[in-house]
Structure formats: C-alpha cells, structure tokens
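# Residue-level structural notes
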Amino acid sequence: HTGDMGRLEENGLLYYTGRKKNIIILEGQNIVPDYIEHVLRKHLAVAAAGVIGIPDKMRGEIIAAAIELRAGADAAEHDIRKFCVDYMTDYKVPKRIIILDSLPLIPSGSIDKVELRRQLSIPPLFADAQTVQ
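Residues numbered from 1 in each chain as written. Predicted model: local features only at pLDDT ≥ 70, side-chain atom pairs only at ≥ 80, totals over all residues. Heavy atoms only, no water.

This brings us to the overall build of the chain. The number of helices and strands found in the chain is three helices and seven strands. Secondary structure of the chain in N-to-C order comes out as β-β-β-β-α-β-β-α-β-α. Residues counted as buried form 35% of the 133 residues belonging to the chain. (Helix = DSSP H or I, 4+ residues; strand = E, 2+ residues; numbered from the N terminus. Buried < 20%, exposed > 50% of the residue type's maximum accessible area, 1.4 Å probe, protein only.)

The structure is reproduced here in structure tokens:
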C-alpha cells in the first residue's frame, strides 16, 4: 500500500530498492532512480542528487538528475556524466544533469520529487509530453 519496493534474500534479509511511483520507464525498461542517486552521491563534488524521469515521446521517459554540489565544490555537467559512465550501464546515465543551489526536501529530509519536477517545469503526466534533447 505504501508503494515501497524491495527484495527478500534467501538468508531472510529484506532490502529496500525504491518507490514504485518513482520508477522511470525508458524504452520499456523499468529503472529505479535510487541506484543512480547512490552513484551520483559518490562523486566528491556532489552533496545530494535527485533523479526523475522526463517525458519523451520516443522513449517514454529519459533520465534527468538534479544535483546539489558540496560547499566550495565545482563540477560541470560533463564531469558528472563522465563519472556516471564509469559506474553504471550506458542506459542509466542521466541524459540531463541540472546543477541547483539546493534540492527541495520533505520534512523527513528526503528529496521532494514532486516539488523538484515543479521547479524544473516538468509536467507530471505524459499527456502533452515534448521530446527533451
């Protein structure tokens, strides 16, 4: 009922893998943004990362990452993308990387993806999706 997803290992350990409503569908593949966010946070310049899907007529959605840099850190979009290429498969590398001063948070401290979509002017539904380059 919560939309949380996970997997149960044979040894009885339960692993949280993300929220169903945050799944990005790229050319028929379901992509969990949590893994991409985890990789992005490993970059020395990245303080926080929120990954969302952007509607795309040809692919369903493309992956976009909003990044908050650490205080005093400097990194460009191409630096972040190159880092991603080293740690994840090509189709999971964000096509758009947006560097923001701060990411919107919910009271628990998690990234507010609904507000992030609003701030980036990304439509919540596919109805009038435009191809994003």
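Having seen the structure, we can now continue with the description.
Below, the discussion takes up the pairing of strand β7 (residues 96–100). Alignment of strand β6 (residues 60–69) against β7, held across five bridges, turns out to be parallel. From the neighbouring strand, Glu68 faces β7, where its bridge partner is Leu100. For the crossover that starts at β6, traverses helix α2 (residues 77–87) and ends in the parallel β7, the hand is right-handed. (Pairing = 2+ DSSP bridges. Right-handed = clockwise from strand over helix to strand, strands pointing away.)

This part covers the nonpolar core. Judged by nonpolar contacts, the single largest core of 21 residues is most densely connected at Ile36, Leu40, Val51, Ile63, Ile67 and Ile80. Only β3 (24–26), α1 (33–42), β5 (46–56), β6 and α2 provide two or more residues apiece to this core. At four residues, the largest contribution of residues to this core is made by β6. Discounting chain neighbours no more than four positions away, the residues touching Val51 are Ile24, Pro33, Ile36, Glu37, Leu40, Ile63, Ala64, Ala65 and Lys113. Membership of the second largest hydrophobic core comes to ten residues, among which are Ala48, Ala66, Leu103 and Ile122. (Core = buried A, V, L, I, M, F, W, Y, C linked by side-chain atoms within 4.5 Å. Contact = heavy atoms within 4.5 Å.)

Across all of its chains, the model carries four salt bridges by this definition. A salt bridge links Lys113 to Glu37, with the nearest nitrogen and oxygen atoms 2.6 Å apart. One end of the pair, Lys113, is in helix α3 (residues 113–119); the other, Glu37, is in helix α1, and 76 residues separate them in sequence. Judged by relative accessible area, which is 9%, Glu37 ranks as buried. Asp56 is paired through a salt bridge with Arg59; the nearest N and O atoms lie 3.2 Å apart. (Salt bridge = Lys/Arg side-chain N within 4 Å of Asp/Glu carboxyl O.)

With that settled, consider α1. Considered for burial, the residues of α1 that qualify are Pro33, Ile36, Glu37, Val39 and Leu40. Down the axis of α1, the sector holding all buried residues measures 160°, keeping them to one side. Here the buried face of α1 lies against β3, β4 (29–31), β5, β6, α2 and α3. (Arc of directions from axis to C-beta.)

We now examine the confidence of the model for the chain. When pLDDT is averaged across the chain, the result is 84; 82% of the residues are at 70 or more. Contacts of residues 125–133 to residues separated by more than four positions or lying in other chains number 18 contacts, the stretch itself having pLDDT below 50. (pLDDT = per-residue confidence, 0-100.)

Buried within α2 we find Ile80, Phe83 and Cys84. What you see down the axis of α2 is that its buried residues fit within an arc of 100°, all on one side. Exposed residues on α2 whose side chains face more than 90 degrees from its buried face are His78, Lys82 and Asp86. Turning to α2, the residues buried within the fold contact α1, β5 and β7.

For the rest of this paragraph, the subject is the side chain of Arg117. Residue placement: Arg117 occurs in helix α3. Although buried, Arg117 forms no salt bridge, and the nearest oppositely charged side chain, Glu61, lies 5.1 Å from it. (Lys, Arg positive; Asp, Glu negative; His and termini not counted.)

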